[in-house]
Structures are given as structure tokens and as C-alpha cells.
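Residues per chain are reported as follows:
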Amino acid sequence: MKIEQITLKNFLSHESSQVSFKGNINAIVGVNGAGKSSIIDGIVFSLFREPSRGNMNNLIRKGKKTSTVEIVLSDNSKGKIYTIRRNIPASTEDSILENSKPLAYRSSEVSQKVQEILHLDKDILLSTVIVRQGDIESIFKDLADVMKKVMKLENLEKLTDSNGPIFSVKKELEMKLENLQKDKEMYESKIAQKKDLEKEIDNLNNNLKSLEAQKEEKTLQLNQLQKNKEEEDKKRERYIELKAKLENANTQLNKIKEDVKDLEEKMKIEQELDTELKQLQEEKENLQRLNDIINQLKLISQSIKDNNNQLQKLSREIDEYKENLHTKKELEDKAKKYEENKQILEQLKRKYLEYNKIKSVYDSDREKENNLENELQRFLIFIDINKLQNDLDKISERIQNLNTEKGQKEESVNQLLKIIKNLNDVHGNICPVCGRELDEEHKKKIREESETKIKDIKIEIQKIEKELRDLNEEKRNIETKIKKALELKAKKESKEKELNDLKEKIIEEEKTLNQLKDSHDKYESIEKELEELEQYYKKYLQLQRYTQNELEEKEKNKQEILQRLDELNSKYSQLRSQLTIPDEEISRISFKISQIEKEYNNKQGILIRIKAEIERKKKELDDIKEIDNEIQTINAEILRLDFDEAKYNELINSINTLNQEVNSMSQEISRILGKLEADKKSLEQINSELEKLKTSIDKIPQIEKGLSKLEKLRNDLSGSGLQNFIISNVKPKIENNLNDILSMFNLSFSRVSVDFEIGGKSKKGKTKITAFNTAGYDLDIEMLSGGERISIALALRLAIARALLDEIGFMILDEPTIHLDEERRRELLNIIRSAMSIVPQIIIVTHDDEVKEISDYIINVYKKGDSSAVKEGVSDDQ
Ligand SMILES: Nc1ncnc2c1ncn2[C@@H]1O[C@H](COP(=O)(O)OP(=O)(O)OP(=O)(O)O)[C@@H](O)[C@H]1O
């Protein structure tokens, strides 16, 4: 089995590293603390879930919560690849895959599979081919313990330990035996109990029989007495019933006799009350009559009052009516006039409005006419346009002449300027004008003359220009005047036309106004008249509802009321004369009536009650006879019954005594029966217990035998005898392997022997390793050189591994050269090289350059920030 690759996620100092072991000798190199050993920790953890640094959580990279390690192993002989993945914490499942096929998931199952399928035993590997820092030689002193561990001999010790399984089985059996002994004691005591119980049951049965016979005799006596009592009970019941009836009848009789004692007296009161009530009735009727008259008088008096009020109101209305009717008549003419005028006004209205309309137009036209005439007055200033035109023509002519003159003068100047210029351009002395000879003097003269002339002409031109400016100014003035004069003329003509048209229109308007004037004036005078009449007309309209017919109707009503009043007054006097009492009495009549009524009702109530009482008492007189008869009948029956209370009580006492006797017998019988029942149950219980106890105690000899066998087994297994026997079987194999391996290491020994004795629980084991040199001398391990010791130590580790494992796939050495001197280091390297023929894959963690030299694959581990990183295939100095 070879280690192909390991992947570390948040494991110790590695955040995320993947390491492949591609060589035969793989060197893991790097500075102190780079994370090299962490890789070895990763390998051990991934295989066995074994925490190398304290507890499991220490393996998680600080600051992280989870960690994962995955290792890939290959078994080339079988062509299989195994991938084992471990997680911390264990809440995430581990896994093992065989060629990508899952084999197990739970961490304990994964460890089990590693052991079973890969044949990688944790104890063997950790004690042999996985060698931690500086541990190579520790095998010499620990060999006995290592063997004990790898051979699992500790388990044998555990078997015979005082906490071990044999001990606990023995303990269990001893306890069982102890319990069974107790059962035996119990069995014997139960047998004694059983005998006592059987005796008691016999006694109880005898008592029961005699008691039952006595009880039967007493019960017969009791039955006879009970029969007698039943007859007496019936008599007694009737006797009590009759006695109660008798007492009841006597009580009733006495009560009635007491009640009828005052019958005569009551009848007398009845008569007196009858007479009194009649008198009261008469008195009441008289007063009632008077009261009726008084009520009638009151009604008539009220009616007279109402009629008088009505009369007064009506008289006032009639007076007001008469006055209004009179005023209405006076206003009638004016109202009529008003309505007529209103009609005429309506007829004239159209012409009136037309007149007003035309009149307002006429007035405005007259005003316009006036304004126009005033305006025309202002146009009277006369302007002579012809004269202005003449002046203008003259000025125009003069301007034209002056312009011609100016042009001529300007031409003269130009000519003179040309001469001057020509003089300047002359080359030679020939006059350009005349062609004659020309000297400088002559040139000068001509120039001066010409210039003087130009000056003069320019002054003249300036004069002409001034005159021209003045003339032009004057010309513009005259032209403006002419223009204005022409505009005024046209305006005046238009206004004159307008005035003429207006005058014609005014004449027409005056004509129409004259035609409408009469109607207009009439309208205005009627309108004024209507204004004056309007108040009368309004008043007339208010009074229109007053008519003569209605007045007459009211007068008629008044007469009727007067007549009614006469009738009422005479009726009042007539009724008053019937009332014979004085006025002051009248008001007390109704009070008196109510007093009498009250007294009457009161007495009548008393009378009714007395009458009912008399009636009831008369009936009671009949009842007395009936009750007397009943009493006689009851007394006769009591005599016939012949019941004696004393005798009856005697009978009851006898029955009670007998009853008590029978009951106490029954109770005793029940008690004996209960006891018998309980005893029988106890007997049954004891029998079944005895049966069970018998089966238990039958087991005692068997258990005693088992216990003695166990004791023997424990004695046989304890001590080092068996362990040493087992070891002695493996020892030759290891020794052979060791000598085989050592032969490859090129040492000068003919043989090396190994002896060890397994220690006990508190005793350390002993190891003795002896080397025999070629001369035949034996040398103790302590006497050998460092290199020889390391060679034997490594060979011994490999020898043990080979003896116990199917094959050795790899060896891991963490800093094997540490603490070694130069020579021993070199020797170790030779041995490692030689070991290649025994172990196909070696992984060495090292600082040693020479180790790097013998390695065919370098894994460089370094710190990147606070995390470890890995670079493969190169050394750290590359
Ligand atoms: N749980 C952890 N999380 C992060 N870093 C850790 C953790 N445990 C230990 N370390 C650190 O990891 C680093 C690497 O340790 P490791 O033993 O692998 O180094 P090394 O390369 O073998 O060093 P040396 O050559 O000195 O033995 C150390 O600096 C150590 O302090």
C-alpha cells in the first residue's frame, strides 16, 4: 500500500495544501515551523483518526471551525485506489472509497475498514514504520512493551483484570450463589409455615360446623316472632291512624264551637248597619240633586260669558267694516280714473318713446352742427398758393444756374491741377502743354500762377455753395407751406360738405319731432296725473275685500247672539230660584257628597264582611253534628282493634335480642370463612413459592461447579506465562526477518539475536539484543557504534512490521537525523538507501541537505502569510 497524495484543509498550519508523493524517497523540507510535521500528522490522522497534538480540536487551524484531511492510497498489486476522508468536528461524516465506490461513512466504520481491507494496524504502524522525531532507537528499550501492544497482549491482561470480564462473570455467579443460598433458607422456613397453616384450617372447619347449627335454631325462633310482629304492626298502624283522626276531629269541633259563639251579636250589627246605610243613601241623593243644579248653572254662566265675548268682538268688527266701506266708496272715482289713464298711457307709449329717441339724436346733431361751424371759422385765414408756387419756380431756376456755374469752376480747378501735375512729371525741359522749351523758373511761375488761380476759384465755389445751401433751405420752406396750404384747403372743403349734409338731416328731424310733439306732451301730463292717483288706487285695492253683503251678514250674527244671551239669562234665573241654599253653602256641596260617599262605602264594606261571616258560621252549625258522629264511629273502632302498646314493645325487645344473637353468629361464621379463604390462598402461595424455590436451589451445585472452573481459568490466564508463550512463537519470525534485513545493510555481523520478556501490569518488560560478529563474539547493543545501532533499530522496526503485516508499503521518518553527528547521519542515509529494497516508499521530514541528495522527490514546505504552503518537485534552495 502506497501513499499517493494527501490534501489538508484548515489542518494545523495548512489552510489548503495538497501534497503528492511521487518519488520512492520523498523528502519534505522547509524551515522550522513551516508545516512539515503537520503533513505527517495529517497522514496519521487520515488513517486512524488519531489526534497527534492533544485533543482533536487542536488540529483545526486557528480561527476556523472545521477541518478536512483526505488521503489517497494505492494498492498496485490489486489495481485499487482508496480515498479516505476525515472531518473535524465529527458531526460531518468521514468516508472511505474504493475506486470511487463508498465502503463506509461513520468514523468508527471507516477506521474498521482501514484495518480490515488495507491491513493497516494502527498500533503496528505507529510502533514500527511511522517514526516520529528522534524516535528511531527508542525501539530498543520499548521493544517488550511494543510487542505487547502490537500483539494486543494487553487485551489478555484486561481479561483477567479485577475490572475485567472474567472477574465480573465470577462476581456475578457468586452473587447468584449467595442469592440461591438465601432461597434455600427460605424454602425450609416455608415448609414449617405450610404445616402450621394446615392445622389452623382444620380447627376453623370444626368451629364453623357447630356455629352454623346454633344459628339455624335461633333463626327459626326469630322467624316465628317476626310473623307475630307483622300482625301487631298492621293493628298498630290502624290504631295510630284512628288516634290521629280522633284528635283531629276533636280539635276541629272545639275550633268551630269557639267560632259560632258570637253569631247573634253579629246578626244584630248587621241590622244596624242596614238602617244606617239607607239613611246615608237618602242624604246623598238629596245633595246629588243640588249638585246637578249647581253644575248646570256653572255651564250656563260660562256660556253667557262666551257669548258676551263673541258679541263684543263682532261689534268691533262691524264698526271697522262700516268705516272701511265708507272710505272705499270715496276712492272709487279716483281708482276708475287711474285705470283709464293707465290705458291711455299704454296707447301713447310707442310715440312717446320714438319722440325721445329722435329728440336725443336731434340734440346731438345740433351740437355737431355748431362745432362744425366753429371749426370752419378757423379756416378763414387765406393763403396765396399761386404766389408761393411762383417763388418756388424762381428759386429752382436760380439753383440750377448756380449748379452749372459751380460745375464750370470745378472743371477749371481740375484743369489747373492737371497743369501742376504735368509740370511735376516733365522730364527734360519741354513744356507738356505748349511743347516749348521750359526752364525751372518758368515751371515755378506756372505752378504759382496756377495755384493762385485755384485758390481764387475755390473761394468762388465756396460762395456758390453757400448761396446754394440758403436757396435750398428757402425752397424746402416754401414747399412745406404749399403742402400745408393744400391740406388745409382739402380739409375745409370736406367739413363744408359735412355741415351741409348735417343741416339737411336736422331739417328732416325737426319735421318728425313736430309731428310727434302732441302725443309726447300728452303722455307726460298723464304720467304726472297717474303719479298723484297711485296712492289712492293702492288704498282702494286694499279695501276691495270689504262688501256690503258681508256687513249685513255680520249684523245678522250679532242679532242672533243677543237673542241667545236673553235665553241664557232667563234660564239661569229660573234654575237659581230652584236652589234653596245660601251661596256660601254651594261651594261645600261636592265636598259633603264625597264625605257621605266615603262613609257609605266604608259601612257597606263592613256589612258585606259581616254578612259573609254570618253565612259561614251558620254553615258551621251543621258541621258540628257531622263531627260528633265521626268521633263516635272512631271510638267504636278503637275498642274493636284491641291493641296494647306495652305488649307490642315487649315483642319488639324479644325480636331485637334474637336478631343480635343471630347477627353475631353470622359475623363469626363470615370471619371464619374469610380466614379459611385467606389461609387457603396463603397455602396455595406457599406451595407455588416452594415449587419455584425448589427449582432455584436445584441449580446450586451447577453454579458452584462453574465458579470453581472460572477461578481456574483466571489463574491460568493471569501472569505472564501465556503472553510469553505467544511471544515466543513470534520471536523467531522477527529474529529471522531482522537478520534478513540486516544482511542488506552491509554490516559486519553474522547474526543478531533478540530476547525479551513481557512485563506484568506493574512490571516493565525486559529486552536483550545481542549482535554476533564474524569472529563469533557476542556484543551487547550498548556496545555497538551509533550507525550500527540505528541500522539495527530501523531493521528491527521493519522486521516487526514484516512479521505482522502482509506487506510494508511505506515508511515515514520525521527528522530521523536530528541529534545525530555527521558520521551517524551519513550511515543512516546509507541504511535508508538500502531500506528501499524492503520498503518501496519512504517519506522523510528533514532539514538535512544530504537527505535531499538521496531523495528522488522534494516537497518544499514554506510559510505564506500565516499559512503553510507547498511547492513540489523543487528544493527550498531552488
Ligand atoms: N491549530 C493550529 N493552527 C494554526 N497553526 C498551528 C496550529 N497548531 C500548530 N500550529 C503552528 O503550525 C506551525 C507548523 O508546525 P509543524 O510542527 O508542522 O512545523 P515543522 O515544519 O515541522 O517545524 P520544525 O521543523 O520546527 O519541526 C507551527 O508554527 C505551529 O505553531
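Residues numbered from 1 in each chain as written. Predicted model: local features only at pLDDT ≥ 70, side-chain atom pairs only at ≥ 80, totals over all residues. Heavy atoms only, no water.

1. A closer look at the overall build of the chain
When you go through the chain residue by residue, the secondary structure sums to 18 helices and 15 strands. Here the C-alpha coordinates of the chain stretch approximately 205 × 185 × 45 Å along the principal axes. In the chain, buried positions account for 36% of the 878 residues. Pairs at least 24 apart in sequence give 77% of the contacts found in the chain among residues at least 6 apart. Surface summary for the chain: the accessible area is close to 55100 Å², and the carbon and sulfur share equals 47%. Treating the 157 positive side-chain charges of the chain as one cloud and the 172 negative ones as another, the clouds have centres 3 Å apart. (Helix = DSSP H or I, 4+ residues; strand = E, 2+ residues; numbered from the N terminus. Buried < 20%, exposed > 50% of the residue type's maximum accessible area, 1.4 Å probe, protein only. Contact = heavy atoms within 4.5 Å. Areas by Shrake-Rupley, 256 points an atom, 1.4 Å probe, with all protein chains shown as cover. Lys, Arg positive; Asp, Glu negative; His and termini not counted. Charge placed at Lys NZ, Arg CZ, Asp CG, Glu CD.)

2. Regarding the nonpolar core
By size, the foremost hydrophobic cluster in this structure holds 97 residues, and its most contacted members are F21, I43, L73, M147 and L796. Every residue in contact with F21, bar those within four places of it in the chain, is listed here: I3, E4, Q5, I6, N26, I28, I39, I43, Q841, I843 and I859. If you look at the next biggest cluster of nonpolar residues, it comprises 44 residues, including Y523, L575, L607 and I610. (Core = buried A, V, L, I, M, F, W, Y, C linked by side-chain atoms within 4.5 Å.)

3. Some details on the environment of N477
Tracing the backbone shows N477 in helix α9 (residues 440-542). Along the primary structure N477 and K418 are separated by 59 residues, whereas in three dimensions their C-alpha atoms are 41 Å apart.

4. Examining the UniProt feature "coiled-coil region" (unreviewed entry) in the chain
Annotation from UniProt places "coiled-coil region" (unreviewed entry) at residues 170-358, 385-419, 447-578 and 607-696. Annotated as 96% helix and 0% strand, the span residues 447-578 places its first and last C-alpha atoms 179 Å apart. Secondary structure within residues 607-696 divides into 97% helix and 0% strand; the distance between the first and last C-alpha atoms comes to 112 Å. (UniProt positions renumbered as here; feature names shortened; annotations may be inferred.)

5. Regarding the site of the ligand
In the neighbourhood of the ligand, 19 residues make up the surrounding shell, with G33, G35, K36, S37 and S38 lying closest. Here an oxygen atom of the ligand sits 2.7 Å away from a polar atom, N or O, in the side chain of K36. A distance of 3.0 Å is found between a nitrogen atom of the ligand and a backbone nitrogen or oxygen belonging to N58. Protein contacts shield 73% of the accessible area of the ligand, which totals 650 Å² for the unbound molecule. The leading source of residues in the shell around the ligand is helix α1 (residues 36-48), at three residues. Residues belonging to the shell around the ligand are distributed by class as follows: four nonpolar, nine polar and six charged. (Near = heavy atom within 4 Å. Polar contact = N/O pair within 3.5 Å; in protein donor to acceptor, adjacent residues only side chain to side chain. Nonpolar A, V, L, I, M, F, W, Y, C, P; charged D, E, K, R; others polar.)

6. Topic: the sheet that holds strand β10 (residues 766-773)
What links the strands of a sheet is backbone hydrogen bonding, and the strands pair in either a parallel or an antiparallel sense. Spatially, three strands are ordered β9-β10-β11 in an open sheet, and the strand pairing comes out antiparallel. Unpaired on one side and paired on the other, β9 (749-757) and β11 (778-780) mark the two borders of the sheet. Direction aside, the axes of adjacent strands within the sheet are offset by 25° on average. On top of the sheet, helix α4 (residues 138-150) reaches β9 and β10; it is set at about 125° to β10, its chief contact. Running over the sheet, helix α16 (residues 786-804) touches β9 and β10 and is turned about 60° from β9. (Pairing = 2+ DSSP bridges. Axes fitted to C-alpha atoms, helices over the stretch in contact; angles between N-to-C directions.)

7. Considerations on the packing of α16 against helix α17 (residues 822-835)
For the pair α16 and α17, the least separation of the axes is 8 Å and the interaxial angle reads 30°. Judged by the inter-axis angle, α16 sits roughly parallel to α17. Considering the relative orientation of α16 and α17, their crossing is right-handed. Here G786, G787, E788, I790, S791, L794 and L798 of α16 come into contact with α17, specifically with R824, E827, L828, I831 and A835. (Parallel < 35°, antiparallel > 145°, perpendicular 65-115°, else oblique. Left-handed = near helix turned anticlockwise from the far one by under 90°.)

8. Digging into α16
Over its 19 residues, α16 runs 27 Å from end to end, which matches the ideal 27 Å to within 8%, given 1.5 Å per residue. In terms of burial, α16 is largely enclosed, as 17 of its 19 residues are buried. (Expected span 1.5 Å × (residues − 1).)

9. Topic: the packing of helix α8 (residues 385-425) against α9
What describes two packed helices is the angle between their axes and the distance between those same axes. Their axes nearest at 8 Å, the elements α8 and α9 cross at an angle of 160°. Considering their axes alone, α8 and α9 lie roughly antiparallel with respect to each other. The crossing of α8 and α9 is left-handed. Taken together, the residues that form the contact of α8 with α9 break down as 23 nonpolar, seven polar and 18 charged.

10. Looking at the packing of aromatic side chains
Counted according to the given criterion, the structure contains six aromatic pairs. When the ring of F11 is compared with that of F45, the centres are 5.8 Å apart and the planes differ by 35°; the resulting orientation is tilted. Here F11, found in strand β1 (residues 2-11), pairs with F45, found in helix α1; they are 34 residues apart in sequence, far enough to count as distant. Each member of the pair, F11 together with F45, is buried. If you follow K334 out to its NZ or CZ, it ends over the ring of Y536, 3.9 Å from the centre. Across the ring face of Y862, the terminal group of K871 is positioned such that the distance to the ring centre comes to 5.7 Å. (Phe/Tyr/Trp six-rings, centres within 6.5 Å; stacked < 30°, edge-to-face > 60°. Lys NZ or Arg CZ within 6 Å of the ring centre and 35° of its normal.)

11. A word on the domain arrangement of the chain
As far as domains go, the chain holds domain 1 (1-120 + 807-878) and domain 2 (379-543). Between domain 1 and domain 2, the C-alpha centre-to-centre distance is 129 Å. (Domains from an automatic or database assignment.)

12. Looking at the pairing of β10
Relative to β10, β9 is paired through eight bridges, and the arrangement is antiparallel. Across the sheet, F749 pairs through a bridge with N773, a residue of β10. Strand direction decides the pairing type here: β10 and β11, joined by three bridges, are antiparallel. Bridging across to β11, T770 finds its partner in D780. Between the antiparallel neighbours β10 and β11 lie four residues, among them G776 with a positive phi of about 95°.

13. Some remarks on the side chain of S17
Along the chain, the position of S17 falls in strand β2 (residues 14-20). A distance of 2.7 Å separates polar atoms of two side chains, one belonging to S17 and the other to H14. Beyond its immediate sequence surroundings of up to four residues, S17 is in contact with I6, T7, L8, S868, A869 and V870.

14. Some remarks on a negative patch on the surface
A contiguous patch of negative charge on the surface is contributed by E524, E527, E529, E531, E532 and E534. Within the secondary structure, E527 is located in helix α9. (Patch = residues over 30% accessible without salt bridge, like charges linked within 9 Å, V, L, I, M, F, W, Y side chains within 5 Å. Salt bridge = Lys/Arg side-chain N within 4 Å of Asp/Glu carboxyl O.)

15. Description of the pattern of salt bridges
Throughout the structure, instances matching the rule amount to 67 salt bridges. Note that K768 is salt-bridged to D780, the shortest N-O span being 3.5 Å. Of this pair, K768 sits in strand β10 while D780 sits in strand β11, and the two are twelve residues apart along the sequence. Note on K768: relative accessible area 45%, which makes it partly exposed. Among the salt bridges present, the one from R825 reaches D848, with a minimum N-O distance of 2.8 Å. Of this pair, R825 sits in helix α17 while D848 sits in the loop between β13 (841-846) and α18 (849-854), placing them 23 residues apart in sequence. Each member of the pair R825 and D848 is classed as buried. Each of D259, D262, K266, E613, R616, K617 and E620 takes part in a single network of salt bridges with overlapping partners.

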